[in-house]
Amino acid sequence: MILAPSVAPTPMRQPENTWALLVVAADVLDDTDPNREGEVALFAGCWLPDQPQAAVCEGDLVLVLTAPNDESPPDDEVDVEMLLAHGNRWMRVGEWEGMDPRWPWTVAMTAAAIMGLHVEATETASFMPGATAGRPLRGWGGNGGLVDLLATGLIHTGEEFIWDRPGRGARHTARINSDGTLVLVDGRAYVNPSGALTALGGKHQNGWKAWKRTSDGRTLGDLRADLRARRGQTTEPRREL
């Protein structure tokens, strides 16, 4: 099923007896064509009847569509949750509430970035055996994630990070969990810092650059750059997420 671009009606609810929509293609044009940068070239998926074990689906991305939590939710609004099979778990990496029928165009940006990181990791594994001494980076397709920062002691369980929302005068806090997730004050946990921003209303923003450690003001991106430098890798992944 092609979600975007498409002339067919956008699905706003899941069919009965389905668990989620498996994303099979997400292609967003980059800056190689400045006139079309950010345009969704293809976003497609297929319905899964049952929830498979995450352990056998590493890197798979799914979308869960639910009606908004209103007494009489309109048919043209939907809540979208994005889950990634990672580390033997289905991890929430994005959440959008009250989306209109254009939701595939919004969600495609995040989906393309996540899927791109996993593809790059597969391609580089054949000619970068471990990069340096030590185990391969586990998080975000080998680019380095919160789980790797924890393992190397660059961050610690319970450490607080803050995000000052631009133009709103609001400050949000989150803490590092022992499983390598960023936990918001309401208990929602995200393996992807950008997903945590999206859940708070910060659409299309890079969580690695936004979340700052309360104790010293360093961003998660700064800490990941340190990790990659120690391993002899470029300090910034080619594609951010």
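Please refer to the structure higher up on the page.
Calculation notes
- Residues numbered from 1 in each chain as written.
- Predicted model: local features only at pLDDT ≥ 70, side-chain atom pairs only at ≥ 80, totals over all residues.
- Heavy atoms only, no water.
- Salt bridge = Lys/Arg side-chain N within 4 Å of Asp/Glu carboxyl O.
- Helix = DSSP H or I, 4+ residues; strand = E, 2+ residues; numbered from the N terminus.
- Buried < 20%, exposed > 50% of the residue type's maximum accessible area, 1.4 Å probe, protein only.
- Pairing = 2+ DSSP bridges.
- Axes fitted to C-alpha atoms, helices over the stretch in contact; angles between N-to-C directions.

### Let's talk about the pattern of salt bridges
When charged atoms on two side chains of opposite charge get close, those side chains can pair.
Link 1 in the chain: Under the counting rule described, the total for this entry stands at nine salt bridges.
Link 2 in the chain: Across the pair Arg92 and Glu81 runs a salt bridge, and its minimum N-O distance is 2.8 Å. With Arg92 in strand E6 (residues 89-99) and Glu81 in strand E5 (residues 78-86), the pair connects residues that are 11 residues apart, well separated along the chain.
Link 3 in the chain: By relative accessible area, Arg92 is classed as partly exposed at 22%.
Link 4 in the chain: A residue is classified by how much of its surface remains accessible, and Glu81, at 21% relative accessible area, is partly exposed.
Link 5 in the chain: Residues joined in a network through salt bridges with shared partners are Glu95, Asp186 and Arg188.

### Considering the sheet that holds E5
Link 1 in the chain: Pairing is antiparallel in the open sheet, where six strands are placed in the order E1-E3-E2-E4-E5-E6. Edge positions in the open sheet fall to strand E1 (2-4) and E6, since each of these has one partner strand only. Each adjacent strand pair in this sheet contributes to an overall mean axis angle of 30°, direction not counted.
Link 2 in the chain: Bridging between E5 and E6 involves eight bridges; their strand directions are antiparallel. Across the sheet, residue Met82 finds its bridge partner in E6, namely Gly94.

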